[in-house]
Amino acid sequence: LLCYPHVRRDEVFRVPEGTLEIGVSAFEATAPRDSDEEPKMKVILPDSVTRIGDYAFSRCMLESIEIPDSVTEIGIWAFESCYALKSIVLPDGLKEIPATTFRSCDMLTEVGLPASLEKIGDDAFALCRRLKSVELPETLTAIGSGAFSNCEGLTKIILPDGVSEMGAKVFD
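Residues numbered from 1 in each chain as written. Predicted model: local features only at pLDDT ≥ 70, side-chain atom pairs only at ≥ 80, totals over all residues. Heavy atoms only, no water.

Caption draft 1: Geometry of the overall build of the chain. Along the chain, the regular secondary structure elements total zero helices and 14 strands. Put simply, the chain runs from its N terminus to its C terminus through helices and strands in the order β-β-β-β-β-β-β-β-β-β-β-β-β-β. By the burial criterion, 48% of the 172 residues in the chain qualify as buried. Once local pairs closer than 6 in sequence are excluded, the contacts in the chain between residues at least 24 apart make up 32%. (Helix = DSSP H or I, 4+ residues; strand = E, 2+ residues; numbered from the N terminus. Buried < 20%, exposed > 50% of the residue type's maximum accessible area, 1.4 Å probe, protein only. Contact = heavy atoms within 4.5 Å.)

Written out as structure tokens, the structure reads:
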């Protein structure tokens, strides 16, 4: 899918079956933060999708998304500043959450991480101020700089024994 038509205002958008990738910036900025509209879009991805591109949903009115286990790669800034996104469950098989993927998702309170996850990139969840807790999988080996910085609501996190690399100011 190359581009979601910005003039549309679907409450539920089903990406067509057979779509392999959500392209770079496909849904980006579909509703600016200062919009008078209530952000309320739900996106459903088919099992055919294997990749979500860079900036794919950045600054859009996404409230929820169903990501199938067929997705094995998510690009940088993919969900950055999705102000209405409250929770997300990432697909089994995903090995990395790249840099700034969920940065500034103000309403995000819950994240379901897959058991396959090995790396969380720099600033991946930075400025997710309402994020309460995160259960890190035992497969995790690396956490990037500032990954959980300014997550003021984060009260509990347990680091798995296998984490051997941690960047600067991970929880600053």
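Next comes the rest of the write-up.
Caption draft 2: Representation of the side chain of serine 116 within the structure. When you line up the elements, serine 116 lands in the loop between β9 (110–112) and β10 (119–120). Here leucine 94 takes part through its backbone oxygen, which lies 2.8 Å from a polar atom of the side chain of serine 116. Each residue touching serine 116, except ones within four places of it in the same chain, is listed here: Asp92, Gly93, Leu94, Lys95 and Thr139. (Polar contact = N/O pair within 3.5 Å; in protein donor to acceptor, adjacent residues only side chain to side chain.)

Caption draft 3: A negative patch on the surface, seen in detail. A surface patch of like charges, here negative, comprises Glu17, Asp47, Asp69 and Asp92. With respect to the helices, strands and loops of the structure, aspartate 92 is situated in the loop between β7 (87–89) and β8 (96–97). (Patch = residues over 30% accessible without salt bridge, like charges linked within 9 Å, V, L, I, M, F, W, Y side chains within 5 Å. Areas by Shrake-Rupley, 256 points an atom, 1.4 Å probe, with all protein chains shown as cover. Salt bridge = Lys/Arg side-chain N within 4 Å of Asp/Glu carboxyl O. Lys, Arg positive; Asp, Glu negative; His and termini not counted. Charge placed at Lys NZ, Arg CZ, Asp CG, Glu CD.)

Caption draft 4: Expanded view of the sheet that holds strand β5 (residues 62–66). With respect to topology, three strands assemble into an open sheet ordered β1-β3-β5, the strand pairing being parallel. Edge strands, defined here as strands with exactly one partner in the open sheet, are β1 (12–14) and β5. For this sheet the average axis-to-axis angle between neighbouring strands, irrespective of direction, equals 15°. As paired elements, β1 and strand β3 (residues 41–44) share three bridges and run parallel to each other. Counted as the bridge partner of arginine 14 is isoleucine 44 from β3. (Pairing = 2+ DSSP bridges. Axes fitted to C-alpha atoms, helices over the stretch in contact; angles between N-to-C directions.)

Caption draft 5: Structural detail: the packing of aromatic side chains. In the structure shown here, the tally under the stated rule is eight aromatic pairs. Where phenylalanine 79 meets phenylalanine 102, the ring centres are 5.2 Å apart and the plane angle is 5°; that geometry is what we call stacked. In this pair, phenylalanine 79 sits in the loop between β6 (73–74) and β7 while phenylalanine 102 sits in the loop between β8 and β9, placing the two residues 23 residues apart along the sequence. Judged by its relative accessible area of 0%, phenylalanine 79 falls in the buried class. (Phe/Tyr/Trp six-rings, centres within 6.5 Å; stacked < 30°, edge-to-face > 60°.)

Caption draft 6: Seen up close, the pattern of salt bridges. Per the counting criterion, the structure on display carries nine salt bridges. Here lysine 86 makes a salt bridge to glutamate 63, at a shortest N to O gap of 3.9 Å. With lysine 86 in the loop between β6 and β7 and glutamate 63 in strand β5, the pair connects residues that are 23 residues apart, well separated along the chain. Judged by relative accessible area, which is 42%, lysine 86 ranks as partly exposed. Between arginine 129 and glutamate 152 there is a salt bridge whose closest N-O contact spans 2.8 Å. One end of the pair, arginine 129, is in the loop between β10 and β11 (133–134); the other, glutamate 152, is in the loop between β12 (142–143) and β13 (156–157), with 23 residues separating them in the sequence. Among the residues examined, arginine 129 registers a relative accessible area of 37% and is labelled partly exposed. Via salt bridges that share partners, Glu21, Arg51, Asp54 and Glu73 belong to a single interconnected network.

Any functional reading would require information that these geometric values do not contain.
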